[in-house]
Every structure is written in C-alpha cells, then in structure tokens.
Amino acid sequence: MRSVVRLGVGLAKFLVSLGLAISMFLVGAYFQVRGALPPYSGHFEVAGLKAPVEIQRDKNAVPHIIAGSIEDAAFGLGYVHAQDRFWQMEMVRRLGQGRLSEIVPPAIVGGALIDTDRTMRGLGVYRQASESVNALSRGTRTLLESYAAGVNAWLVDDDQQFGLELTLIKLLSGGRYRPDRWQPADSLVWAKLMALGLDGNWRAELLRLRLAQKIGDSGVKFLIEPSGDNADATLAIVRAATQGIDLDRLYRGTDNIATAKREASNEWVLSGARAVSGKPLLANDPHLALTFPGVWYLARLVGPGFDIRGASSPGSPAIVLGHNGTIGWGFTTTNLDSQDLFVERVDPTDPNRYITPDGARPFAVRDETINVLWGEPVPLRVRQTRHGVVIDDFIASLKSDPKAPALTPAGHVLALQATALDGADTSGEGFARLGLSQNWEEFLTAARKIVTPMQNIVYADTAGNTGLISPARVPMRRKGDGSMPVPGWTGEFDWAGFVPFDALPRAYNPAGGILVNANARVVSDYYRYFISRDWAEPYRQRRAGQLLREVERHPVYGMIAIQADNLSLDAVDMVPLLLRSAPRNPRAAKAHDLLRRWNHFMLASRPEPLIYTAWITELQRGLLADELGEELYRSLAAPNVELMMRILREQPGWCDDGGTRATETCDDAIALALERALDRIARLQGADIDKWEWGREHMAAHRHPLFDGVPLLRDIASVRFPSDGGAQTLNRAQPAYLGARPFDAVHGAGYRAVYDFADLDNSRFAIPLGQSGNMLSPWAHNFVDRWQTLKYIEINGTRAETARTAIGTITLSPPVR
C-alpha cells in the first residue's frame with residue numbers, strides 16, 4: 001500500500017532519530033510481540049454463535065473451521081482472521097475510512113498521510129461501503145454480521161495484545177488507542193479498494209492527456225493505443241474541454257493508494273480431455289503488490305452442505321478463491337474501463353451550481369472532518385455532481401498548498417464517475433455466493449450480482465464442465481470510450497446504461513478444452529461493446545497457451561510447473577533486435593555473446609536476465625525521456641517491449657538524442673543503452689560479468705508497510721529472497737524499475753492453486769510467506785522454503801485425521817445461560 005509505505009518511511013526517520021531509545025524499545029517490543037501470539041488451543045464462550053464451532057489448525061497453521069451453519073463458519077473465520085492478522089485488517093479498514101491520521105501522527109510521517117485520508121474521504125469510499133450493506137440480501141447481511149461478531153469476539157478482551165504495530169500506535173496515542181468494533185461495512189471496504197485499483201483507469205485518462213499536450217494526438221496513439229481499438233472520442237473535442245487544466249499537477253496529486261492501478265494474474269482451466277485424470281484441472285495465481293503479511297490467508301470452512309477451501313482475505317467473510325468440493329473458480333482482472341472523468345462547467349451566475357443538459361443544478365455538498373493525532377482537525381468540503389465527486393476538492397496537490405493556482409480553468413471542475421463508488425453495489429453478495437454454488441447455473445446467478453471489479457472468472461466442476469464469465473457493470477457511453485476526460489455539461493458523453501449480463505464475455509465447455517487468461521485481451525476486436533484499451537501485454541497469456549497445447553494430457557504437477565515457468569517471451573522477441581548491430585567494445589561483445597546463447601529463462605543464478613532487464617530499461621529511457629521529459633517518462637518507466645519494437649521499426653527518429661549535435665541512429669541508441677546498463681550493473685556487482693546474478697538484485701521484496709524503513713526492524717519485519725522470473729514470465733516477479741533498488745520484485749503471485757476435479761482432496765495450495773501477521777510467530781514465514789521449491793500444500797482430511805496432526809484446536813461456544 002503506497003501511502004502506508006510512505007507512512008513507514010516517515011516513521012523510520014522518527015525512530016532512527018531516537019537513537020538509543022530504539023534499542024530499548026526493541027528489547028521490550030520483542031517480548032510484546034512474543035506475548036501477542038494468540039492461543040491456538042482452548043475453549044472460549046463467545047457471544048454471536050448459534051452453536052459451537054471447532055477450529056482445528058492443521059500442521060501448516062491452516063484453520064479448518066467446523067460449524068453447524070455457514071453463518072457460524074463465517075464467525076469462526078472472523079475469529080481466526082483477527083487472531084492472526086488484525087493489525088493488517090485495522091490498517092486496511094482505516095485506509096478505506098480515511099482515518100489513518102487519527103492513529104499515526106502526520107507530524108512524524110509527513111503530510112502525505114493526511115492527503116491519503118483526504119482522498120479517501122473525498123471519494124467517499126467508506127460511505128459507499130456502508131450504503132452497499134443495505135443493498136445486500138438479508139442472508140448476505142447476516143453473513144457479514146456473523147463475521148463481524150467473530151472478529152469482535154477476539155477484540156472484546158480488555159487485556160488483548162495486538163502485536164508490535166498496534167502497540168506502537170497505542171504508545172503514540174498516549175494509551176488512548178483502542179480498536180473500534182468491527183462492522184459489516186468494514187468488510188466491504190477491502191472490496192471497494194480492490195475495485196478502485198483493479199478497474200482503475202482514470203489516471204490513465206490524465207496520462208493520455210499529458211502525452212497529447214507533449215507529443216500530439218498521433219504520438220499518443222502510437223505510444224499507448226493498442227492496435228484494433230478504434231472507438232475513440234475525438235481528441236479535438238476533448239482538448240477543448242480540458243484546455244487550461246494543470247495536468248502534471250493533477251497527475252501528481254492523485255498518486256496514492258486509492259488510485260494506484262493493480263493488475264496481472266494467471267488462470268487456465270483444462271477439460272477432462274486435456275487432463276491425465278480425465279477430469280478438469282483449474283489453475284490460478286492472482287498477482288498483487290508483495291507485502292508482509294501477504295494479502296491472502298488459507299482456510300477451510302466445513303459444515304452441512306458446504307466444504308469450501310482456498311484463499312480468504314482478512315476482513316472478508318468468504319473464501320475468495322478456491323473450491324467447494326463440487327465446483328472451483330479463479331480470477332484474473334479484466335482491466336475494465338469503469339471510471340470516467342467529466343469536465344463540469346460551473347454556472348457563471350452562481351458558483352454553487354453547475355451546468356447540465358437540463359439547466360443548472362446545485363452541487364450536492366458534504367462536510368468531513370479529518371481528526372489528526374498530535375495536530376489540528378482538517379476540515380474538508382466535497383461537492384458532487386450528477387456524475388460523481390469533484391476531485392478538485394480533495395486532491396493532494398491542491399489542498400496541501402492553499403496558495404497554488406486553481407487546478408482547472410476558471411469556471412470548471414473535474415468530477416469522477418466510477419462503478420466502484422456506487423452505493424447500490426451488490427458485489428459482496430455475488431462473490432460470497434460463488435463459493436456456495438453447486439453448478440454452472442447457480443454460478444452465473446451469483447455472478448449477476450457482481451458490479452465491480454470486473455474479473456475473468458474461470459470455472460470447473462466435478463461433472464466435467466468448464467467455463468468462463470467476466471461479470472460486471474460495463475458502462476455503455478453515448479459517445480466515445482472514456483479514454484480521456486470529456487465535457488460533462490452537454491450530456492453527449494454520458495453513460496447510457498450497462499452492457500446486458502447475457503452479452504458479457506462468456507464461454508462454456510469450449511471445443512478446444514482450454515481456457516486461459518493472463519490479463520490480455522478477453523474479447524476480439526469484433527466484440528460489440530467496449531471494455532478496455534488497457535489490456536496487459538500478451539506474453540504471459542501466449543506462453544501459457546503454448547505450454548498447455550504442447551502436452552496432450554496434463555497432470556496436477558504439470559500445472560504447478562507452468563505456474564513457475566520462467567521463460568520470457570518478450571525477450572524472445574526483443575533480443576534479436578538488441579543484437580542486430582555489432583558490439584562496440586570487448587565488454588559489450590561479452591554481453592552480446594551471453595545474450596546470443598541465452599535460452600530466455602529469467603533465472604536468479606544467471607547474469608543474462610539482469611543484463612537484459614537493465615538494457616531494455618535504459619533503452620526505453622533513451623527513447624522516451626528525451627521526447628517526453630523526465631517527469632512524464634517516469635509515468636512510463638516500466639519497459640514496454642511492444643512499444644520499443646514499434647519505435648525501432650516504425651519511428652527511428654525517436655532514437656535521436658535531441659541533446660546532442662549529432663544525429664543518432666537506433667543502433668546508436670541500443671549501443672548507448674547497453675553501455676549505461678553495464679555500467680549500472682558493474683557499480684552493483686563488480687566488473688566480472690560471469691559473476692553477475694539476477695537474484696542478487698531481483699529480490700522478492702515482501703515489505704512490511706510500517707517497518708521496512710527502520711534499519712533495526714527491517715530484517716525482522718520484512719521478508720526478502722532471491723527470485724527467478726520477471727515482468728513477463730508466468731512466474732511473475734515484476735521489478736520496481738524506480739527507487740533505490742529498481743530491480744527488486746515488488747509485484748507478483750501471492751497465492752497459487754491447482755484444483756483437481758478427479759479428486760479435490762488432491763488439490764494444491766501455496767502462499768509465499770505464512771498465515772500469521774505477527775513477525776515473530778513461527779507461522780509468519782513457514783511457507784517461504786516451500787514456495788521457492790514448489791512444494792504446495794494440500795488442505796484436506798477428515799475431522800479425525802486433521803486432529804491427529806493439528807497444532808491446536810479451539811472450541812467456541814455460545815455463553816451458557
């Protein structure tokens with residue numbers, strides 16, 4: 001979480017300045033953290049249950065929650081989430097509420113924390129989550145209430161210990177901090193945050209406009225428009241509506257966790273005809289930012305009519321990804337364009353009103369107060385139009401500097417419309433019902449409830465069926481495709497409804513027996529409706545398709561091997577272009593020779609992945625920074641091989657360095673990029689190329705959001721290990737590209753699973769770290785070695801079988817009256 005990481009950087013500066021006090025604090029902290037380890041055995045009477053619940057933690061600390069109803073199972077899940085991950089749940093909840101500044105002093109960590117709270121309050125994320133609770137069915141609300149009761153059963157103890165993170169927060173508050181009771185809306189905040197990121201493209205609209213200002217319309221289309229997409233609002237109309245907007249400042253001001261784009265995951269499902277067992281196989285590995293603790297938490301819910309196993313998310317009452325003994329499912333994000341910016345015209349006769357096609361209307365206005373620990377409250381007034389919230393009222397670059405000029409030209413404001421900010425959102429119900437479905441028809445019924453985020457959901461069942469559905473409310477626009485901000489006062493660019501559910505992308509028992517998606521195109525150019533122009537590059541999807549078709553019938557372990565595949569197809573395409581001209585010195589010749597013989601596998605022990613990644617990073621900088629300027633280039637710093645190949649083949653003029661008198665060719669640009677890359681690596685690993693290793697720079701960095709910047713805590717709190725893979729491998733491990741360690745992997749799989757529908761007890765599960773969020777728990781890092789060696793676990797066994805090897809058993813029961 002970017003804003004929470006910034007919080008950690010500021011906190012680091014504060015703690016370091018305390019000098020000797022840190023050492024004393026850490027001694028006490030060690031015993032505090034150890035003392036906060038929750039009991040995994042015992043009998044506890046708790047309010048909120050219908051009947052007793054048994055929680056067996058198996059040998060891997062995965063809870064098997066045995067209950068008499070799905071509501072009591074949700075209670076048990078809330079209880080174990082709170083035991084193992086409450087500080088993580090609290091930080092995410094407060095992030096969504098816009099209340100981080102209440103518990104961490106901005107005076108220590110800097111004003112960015114208030115800016116984040118301001119953004120979340122301005123967007124109204126928690127307000128919308130609260131309204132969404134009322135849009136759910138009674139049964140789903142009961143599920144959320146039962147989960148909340150389970151969390152609160154753990155919080156109710158006045159002497160409860162919550163670990164170092166919240167102990168520190170309590171100290172900073174002078175002992176006044178105490179967690180609020182968990183509410184059903186708290187569980188929906190996580191989904192709202194995910195939806196804002198996974199479907200998040202409104203900053204992409206701003207980026208396109210910034211590029212248009214710099215390089216013109218044709219340059220924008222060349223740089224970032226995928227081939228085949230031709231439904232576009234005319235840039236001339238857009239330009240007229242947005243003339244005078246300070247786009248650079250707007251882009252900087254909207255850069256926080258609420259707006260950060262998240263993408264990348266892999267999934268595929270094989271019919272029984274493509275599996276050794278004769279029954280379907282389903283594989284899934286969702287990719288998100290790497291953190292400690294991780295996003296996912298393994299669990300099993302067992303009771304009358306249900307046995308659901310897989311990945312849950314602390315704060316949510318459902319198994320988000322997994323199987324239920326009959327069906328299984330997995331997700332990748334579609335990158336739906338469900339967010340649009342509208343330039344609204346203020347009524348020139350009354351600044352409290354704005355222009356609509358039907359005349360002037362008053363802005364809806366709400367007042368918020370951000371309470372600040374060790375500081376004065378921050379008032380916030382937010383306006384709203386018929387399209388959505390006015391972002392001018394809360395973005396950081398405007399509010400943090402009251403003397404700054406207006407963001408938008410006089411008489412105009414920017415409003416954001418997004419399906420994620422709809423109070424009638426029933427997605428929580430849809431995702432919860434997926435795991436209770438028993439067949440394709442019930443699965444589709446559950447999917448109908450999903451509003452956002454749009455996911456490509458693969459499906460398989462024990463009857464041998466396979467399918468895919470991409471459910472969401474997909475906006476239909478009267479004009480244009482939402483790729484850039486548009487006039488809001490005319491109505492001609494308004495949303496005109498949503499794509500009918502039955503017209504959404506879907507497949508069922510396809511003839512070829514293979515369904516695969518890795519965030520690339522899910523529909524062809526001939527699909528009737530517009531979904532996105534922000535598809536991921538095709539390399540992972542293409543590679544998965546190759547491997548799945550190479551073998552006639554696959555075993556379970558074959559799915560695991562494909563998830564761990566490290567061949568980078570972008571390198572297959574790009575390396576021949578890099579090597580097309582002769583090397584210009586002996587060191588370059590050595591690099592050329594290594595890459596010429598390279599098999600394109602991104603292995604941590606080899607120098608070639610490091611040379612290749614550094615080379616294409618420097619080449620993209622050389623091609624774009626000169627044309628765009630440094631600030632705009634940083635928005636496109638992640639290497640885009642398809643773009644670079646187009647430039648080298650179609651726009652060689654971009655290879656010339658405008659800062660020199662000579663006219664450089666593309667061969668010159670490639671050679672110079674190599675020299676810069678080799679110099680960069682030599683500074684890190686010395687001059688001997690044969691001793692260079694990708695893994696020394698490419699560490700999988702699972703950073704603690706608060707303590708990664710604290711030297712004495714970093715090695716305890718965060719987890720780092722050398723990683724194979726890269727940005728375009730199925731074993732995704734995308735580098736940061738910017739910062740002090742630009743090659744560290746910061747984005748990748750946080751969960752992997754393979755479901756075997758011939759024997760679902762033979763299904764395999766993996767997360768990279770562990771179950772516990774307590775950094776000194778033996779269950780915080782227990783999966784690291786297994787993750788690196790592809791030793792997935794099984795989540796199975798009868799009640800008696802699990803009990804024999806369980807590390808502990810908790811019994812929860814209603815109070816005796």
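Residues numbered from 1 in each chain as written. Predicted model: local features only at pLDDT ≥ 70, side-chain atom pairs only at ≥ 80, totals over all residues. Heavy atoms only, no water.

Explain the overall build of the protein to me, please; I cannot follow it from the model alone.
Summing up its helical and strand segments, the protein has 27 helices and 30 strands in all. The 817 residues of the protein split such that 62% are buried. Here the analysis covers contacts within the protein between residues at least 6 apart in sequence; of these, 72% occur between residues at least 24 apart. Accessible area of the protein: about 29,800 Å², with a carbon and sulfur share of 52%. (Helix = DSSP H or I, 4+ residues; strand = E, 2+ residues; numbered from the N terminus. Buried < 20%, exposed > 50% of the residue type's maximum accessible area, 1.4 Å probe, protein only. Contact = heavy atoms within 4.5 Å. Areas by Shrake-Rupley, 256 points an atom, 1.4 Å probe, with all protein chains shown as cover.)

Would you explain the layout of surface pockets in this entry?
Take a probe with the size of a water molecule and roll it over the atoms, and the empty space left behind shows itself. By volume, the second largest pocket is sized at about 310 Å³. In this structure, the second largest pocket is lined by 22 residues; those nearest its centre are Ser723, Asp724, Asn731, Arg752 and Trp787. Counting residues per element, the ones that place at least two in the lining of the second largest pocket are strand E24 (699-702), strand E25 (719-722), strand E27 (745-749) and helix H26 (784-788). Among the elements that take part in the lining of the second largest pocket, E27 stands out by supplying four residues, more than any other. Class assignment of the residues belonging to the lining of the second largest pocket gives a composition of twelve nonpolar, seven polar and three charged. (1 Å grid on protein atoms, 1.4 Å probe; cavity = no way out; pocket = protein on both sides within 12 Å on 5 of 7 lines; lining within 4 Å. Points joined across faces, edges and corners; volume = space filled by probe spheres on them. Nonpolar A, V, L, I, M, F, W, Y, C, P; charged D, E, K, R; others polar.)

For this particular structure, what's the right way to read the packing of aromatic side chains?
Aromatic ring pairs are reported here in terms of the distance separating the ring centres and the angle at which the planes meet. Scanning the entire structure with this criterion turns up 14 aromatic pairs. With a centroid separation of 4.9 Å and 20° between ring planes, the pair formed by Trp440 and Tyr508 is classed as stacked. With Trp440 in helix H15 (residues 440-447) and Tyr508 in strand E22 (residues 506-508), this residue pair connects regions lying 68 residues apart in the sequence. Under the relative-accessibility criterion, Tyr508 is labelled partly exposed at 35%. (Phe/Tyr/Trp six-rings, centres within 6.5 Å; stacked < 30°, edge-to-face > 60°.)

Please explain empty space enclosed by the protein as it appears in this structure.
Taken as a whole, this structure holds ten cavities of 30 Å³ or more when the rule is applied. The wall of the largest cavity is formed by 30 residues, among which Trp190, Ala191, Val320, Phe331 and Phe431 lie closest to the centre. Secondary-structure elements contributing two or more residues to the lining of the largest cavity are helix H7 (138-155), helix H9 (184-198), strand E5 (281-289), strand E8 (319-323), strand E9 (327-333) and helix H14 (427-434). At six residues, H9 tops the list of elements feeding residues into the lining of the largest cavity. Residues that form the lining of the largest cavity fall into these classes: 19 nonpolar, ten polar and one charged.

Looking at this model, I keep getting lost on unusual backbone geometry. Mind explaining?
Glycine aside, residues mostly have negative phi, and peptide bonds are mostly found in the trans state. In this structure, the amide linkage connecting Phe292 to the following residue, Pro293, adopts the cis form with an omega of -10°. Its location among the elements puts Pro293 in the loop between E5 and strand E6 (297-303). Here the bond from Thr452 into Pro453 is cis, since omega is -5°, no more than 30 degrees from zero. On the secondary structure map, Pro453 appears in the loop between H15 and strand E17 (455-461). Phi angles above zero are rare outside glycine, and Trp374 is one such case at about 65°.

Looking at this model, I keep getting lost on the nonpolar core. Mind explaining?
A general tendency of soluble globular proteins is for nonpolar side chains to be buried together. In this structure, Phe86 and Tyr751 are the most contacted members of the largest nonpolar core, which totals 166 residues. At 14 residues, the largest contribution of residues to this core is made by helix H3 (residues 70-97). The next biggest cluster of nonpolar side chains, apart from the first, holds 59 residues, and it includes Val575, Leu648, Ile670 and Ala677. (Core = buried A, V, L, I, M, F, W, Y, C linked by side-chain atoms within 4.5 Å.)

Looking at this structure, I do not really get the side chain of His323. What am I missing?
Tracing the chain through its elements places His323 in strand E8. Among the residues examined, His323 registers a relative accessible area of 0% and is labelled buried. Here the side chain of His323 touches Gly325 through a polar contact of 3.1 Å, landing on its backbone nitrogen. Discounting chain neighbours no more than four positions away, the residues touching His323 are Asp307, Ile308, Arg309, Gly328, Trp329, Tyr755, Leu760, Ser763 and Phe765. (Polar contact = N/O pair within 3.5 Å; in protein donor to acceptor, adjacent residues only side chain to side chain.)

Explain the environment of Val641 here, please?
Topologically, Val641 is positioned in helix H22 (residues 641-650). Note on Val641: relative accessible area 2%, which makes it buried.

Even after reading the chapter, I still don't get the sheet that holds strand E18 (residues 466-469), so can you show me in this structure?
Strand order in the open sheet made by the eleven strands is E1-E30-E2-E3-E6-E7-E8-E9-E17-E18-E22, with mixed pairing throughout. Each end of this open sheet is capped by a strand with a single partner; those strands are strand E1 (42-45) and E22. Neighbour-to-neighbour, the strand axes of this sheet turn through a mean angle of 25°, independent of strand direction. Both E9 and E17 contribute to a ladder of seven bridges, which runs antiparallel. Within the sheet, the bridge partner assigned to Gly330 lies in E17 and is Val458. Together, E9, E17, E18 and E22 form the strand contacts of H15, whose direction differs from that of E18 by roughly 10°. (Pairing = 2+ DSSP bridges. Axes fitted to C-alpha atoms, helices over the stretch in contact; angles between N-to-C directions.)

Would you explain the side chain of Asn517 in this entry?
Tracing the chain through its elements places Asn517 in strand E23 (residues 514-517). Within the structure, Asn517 has its side chain in polar contact with the side chain of Thr332 (distance 2.6 Å).

Could you clarify how one ought to interpret the state of the cysteines in this entry?
As used in these notes, a disulfide is a covalent bond between sulfur atoms, one from each of two cysteines. Across all of its chains, the model carries one disulfide by this definition. Sulfur-sulfur distance for the disulfide between Cys655 and Cys666 comes to 2.0 Å. Torsion about the S-S bond of the Cys655 and Cys666 cystine: about 85°, corresponding to right-handed handedness. In this pair, Cys655 is assigned in the loop between H22 and helix H23 (666-685) and Cys666 in helix H23, connecting sequence segments eleven residues apart. Accessibility classification places Cys655 together with Cys666 in one group, the buried group. (Disulfide = S-S within 2.5 Å.)

Any chance you could explain the pattern of salt bridges here in plain terms?
Between side chains of opposite charge, a pair can form as their charged atoms come close. According to the stated counting rule, one finds 46 salt bridges in the structure shown. The residue Arg386 makes a salt bridge to Asp494 at a minimum N-O spacing of 2.6 Å. Of this pair, Arg386 sits in the loop between strand E14 (378-384) and strand E15 (389-390) while Asp494 sits in the loop between strand E20 (486-487) and strand E21 (495-498), and the two are 108 residues apart along the sequence. Arg386 gets classed as partly exposed once you look at its relative accessible area, which sits at 27%. (Salt bridge = Lys/Arg side-chain N within 4 Å of Asp/Glu carboxyl O.)

Sorry if this is basic, but what is going on with the confidence of the model for the protein here?
In low-pLDDT regions, the fine details of the predicted coordinates are not to be read closely. Overall, the predicted model of the protein reaches an average pLDDT of 89, with 88% of residues at or above 70. Residue range residues 14-21 is modelled with pLDDT below 50. Its contacts to residues more than four positions away, or to other chains, number six contacts. Taken together, the stretch residues 227-239 has pLDDT below 50 and engages in 29 contacts with residues farther than four places along the chain or on a different chain. (pLDDT = per-residue confidence, 0-100.)

Sorry if this is basic, but what is going on with the packing of helix H10 (residues 202-224) against helix H20 (residues 608-628) here?
The relative placement of two packed helices comes down to the angle between their axes together with the axis-to-axis distance. Closest axis-to-axis distance for the H10/H20 pair is 11 Å, and the angle between their directions is 140°. Of the possible angle classes, the one that applies to H10 and H20 is oblique. Between H10, through Leu211, Lys214, Ile215 and Leu223, and H20, the contact on the second element is made entirely by Leu624, Glu627 and Leu628. Looking at the contact of H10 with H20 residue by residue, the class counts come to five nonpolar, no polar and two charged. (Parallel < 35°, antiparallel > 145°, perpendicular 65-115°, else oblique.)

Before we go on, may I ask you to explain the packing of helix H19 (residues 586-597) against H20 in this structure?
Where H19 meets H20, the closest approach of the two axes is 10 Å, and the angle between their N-to-C directions is 110°. Here H19 lies roughly perpendicular to H20, going by the angle between them. For the crossing formed where H19 meets H20, the hand is left-handed. Of the residues in H20, those in contact with Ala591, His592, Leu594 and Leu595 of H19 are Glu608, Ile611, Tyr612 and Trp615. (Left-handed = near helix turned anticlockwise from the far one by under 90°.)

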